[in-house]
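Descriptive analysis of the structure
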Amino acid sequence: MRRFDAIVIGGGLVGTAISYGLSRAGLAVALIDEGDVAYRASRGNFGLVWVQTKGLGAPHYQRWTRRSAETWPSLAAELEERTGVALGLQQGGGLQLCLGDEEVDRRTAMMQQMQREAGNFGFEYRMLDHDELAAMLPGLGAAVSGASWTPYDGHVNSLQLFHALHKGFAARGGTYLPRSTVTEAHVAPGDFRVQAGGDEIAAPKIVLAAGLGNAELAPLFGLSAPVRPQRGQVLVTERTTRVWPLPIGSIRQTPEGTIMLGSSEEEVGFDTSQKPEVMQQIARRAVQSFPWLAELQIVRAWAALRVMPPDGLPIYDESERFPGAFTANCHSGVTLAGAHANLFAPMVAAGALDPALAPFSARRFDVPQAA
Ligand SMILES: Cc1cc2nc3c(=O)[nH]c(=O)nc-3n(C[C@H](O)[C@H](O)[C@H](O)COP(=O)(O)OP(=O)(O)OC[C@H]3O[C@@H](n4cnc5c(N)ncnc54)[C@H](O)[C@@H]3O)c2cc1C
């Protein structure tokens, strides 16, 4: 039997960020992952560190996302210094374009609500009109009526983030055990054992961060993670000269010059196929926003599955029946990487989740049946 201070199940962005944070806190960590056969949102996402739409009607989520965004620059600097991997983080604010006055009205109401709900925490935003945007964004289409802007948003090369977290985890002495699917476990308070890499792995703490795999794993540990897949499709153009100074919600230019267009939100179960009609919708909206995009070739496209909780908010929990077992689930694992490494992992290391995370418990779904 190999003993560790903590086991993390799931080597995607969520599990690796938490493992990195735990190993930085001095814990000996085993990170167990199923491998390339898995559905992996961490390899198919859009790369936004995005705040402006997060937590409408759920101020605790707005706050958590903001705290993550605040900690992102230090995480990026630390990872770059320790691993030599450049993450390409640009976090000088972001725009969400509105096509037509109706979208502007809806967006304005949304941003006002975000600001109201932020209370003392504050929420800075501006609505920009077409002329202001045209001065900022070369080639803006006439269909764009306005946009919302907040200073908190940004984007990053999320594959490099994934790589840097793994590299940083290994450099801090972490043990990565790939090609190991956890299907059963010995579970007792403060005593968890699973099979991985041909050995029995034991630890007093365990974190379930297996993405869509958490739905099946959580009940074994007295937890609940009713996450479902939600498909997103992304298109990538050939490289072009650098045009925009900041990321736009569904259109972002990478530092290398490609332009990413995305991403759909489709309820199709575990189907990862690409659909021409959805790709057309994505491309049509992008060309309405910037007509010159029609001249560029699409060089890559893919579909991937988000890890979606029933109400879209993250699920963080510690098991009441088996203290020492935790779970983390979310659909914004890039944005929340800062929070997972720098805030969530220290809580697990200290042995209890902060009461500020209580509203994220899956107990919120235990609504009593009406008589
Ligand atoms: C199209 C698209 C666009 C997105 N855009 C953004 C964005 O712009 N910004 C943002 O913040 N987020 C974005 N996301 C979301 C983000 O990618 C995810 O939140 C994040 O990757 C989820 O990471 P995860 O580790 O929870 O899940 P995953 O990446 O799915 O990783 C889970 C891991 O668990 C392992 N596993 C599963 N079951 C088991 C088991 N039983 N035993 C062992 N291992 C197991 C799997 O091997 C897998 O590696 C996007 C997602 C998609 C699909």
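The preceding data block contains the structure.
Description of the structure in this document. (Residues numbered from 1 in each chain as written. Predicted model: local features only at pLDDT ≥ 70, side-chain atom pairs only at ≥ 80, totals over all residues. Heavy atoms only, no water.)

Comments concerning the overall build of the chain
This is how it is decided: Secondary structure counts use DSSP, requiring at least four H or I residues in a row for a helix and at least two E residues in a row for a strand, with both numbered from the N terminus. Throughout this description, buried means an accessible area under 20% of the type-specific maximum (1.4 Å probe, protein chains only), exposed means over 50%, and partly exposed covers the range between. In this description, contact between two residues means that some pair of their heavy atoms is separated by no more than 4.5 Å. Each accessible area is a Shrake-Rupley estimate made with a 1.4 Å probe; only the visible protein chains count as cover when residues are assessed. Residues scored as charged are limited to Lys and Arg (positive) and Asp and Glu (negative), so that His and the chain ends carry no count. Working definition for charges: the position is that of NZ of Lys, CZ of Arg, CG of Asp or CD of Glu.
Counting its secondary structure elements, the chain contains 8 helices and 19 strands. Taking the principal axes of the C-alpha coordinates as reference, the chain spans close to 65 × 50 × 40 Å. Out of the 371 residues in the chain, the part that is buried amounts to 52%. Put simply, of all contacts in the chain between residues at least 6 apart along the chain, 75% involve residues at least 24 apart. Carbon and sulfur atoms make up 50% of the accessible area of the chain, which totals about 15,600 Å². Averaging the coordinates of the 32 positive side-chain charges in the chain and doing the same for the 37 negative ones gives two points 4 Å apart.

Digging into the environment of N342
Selection criterion: Under the rule applied, a polar contact is a pair of N or O atoms within 3.5 Å (in protein, one hydrogen donor and one hydrogen acceptor; residues adjacent in sequence only if both atoms are side-chain atoms).
Residue position: N342 is located in helix α8 (residues 337-350). Classification of N342 as buried rests on a relative accessible area of 18%. At 2.5 Å, the side chain of N342 and the side chain of R24 are in polar contact.

Side note on the packing of helix α2 (residues 59-83) against helix α3 (residues 101-118)
Cut-off, in case you're wondering: Structural elements are reduced to axes, namely lines fitted to C-alpha atoms, with helices fitted over the stretch in contact, and the angle between N-to-C directions of any two is expressed from 0 to 180 degrees. Here roughly perpendicular refers to angles of 65 to 115 degrees, roughly parallel to angles under 35, roughly antiparallel to angles over 145, and oblique to all remaining angles. Residues are grouped as follows: Ala, Val, Leu, Ile, Met, Phe, Trp, Tyr, Cys and Pro are nonpolar; Asp, Glu, Lys and Arg are charged; every other residue, Gly included, is polar.
Direction vectors running N to C along α2 and α3 enclose 85 degrees, while the axes themselves pass 9 Å from each other. As far as their axial angle goes, α3 and α2 are roughly perpendicular. Along its contact with α2, which presents P59, Q62 and R63, the element α3 presents M114, E117 and A118. When its residues are assigned to classes, the contact of α2 with α3 shows 3 nonpolar, 1 polar and 2 charged.

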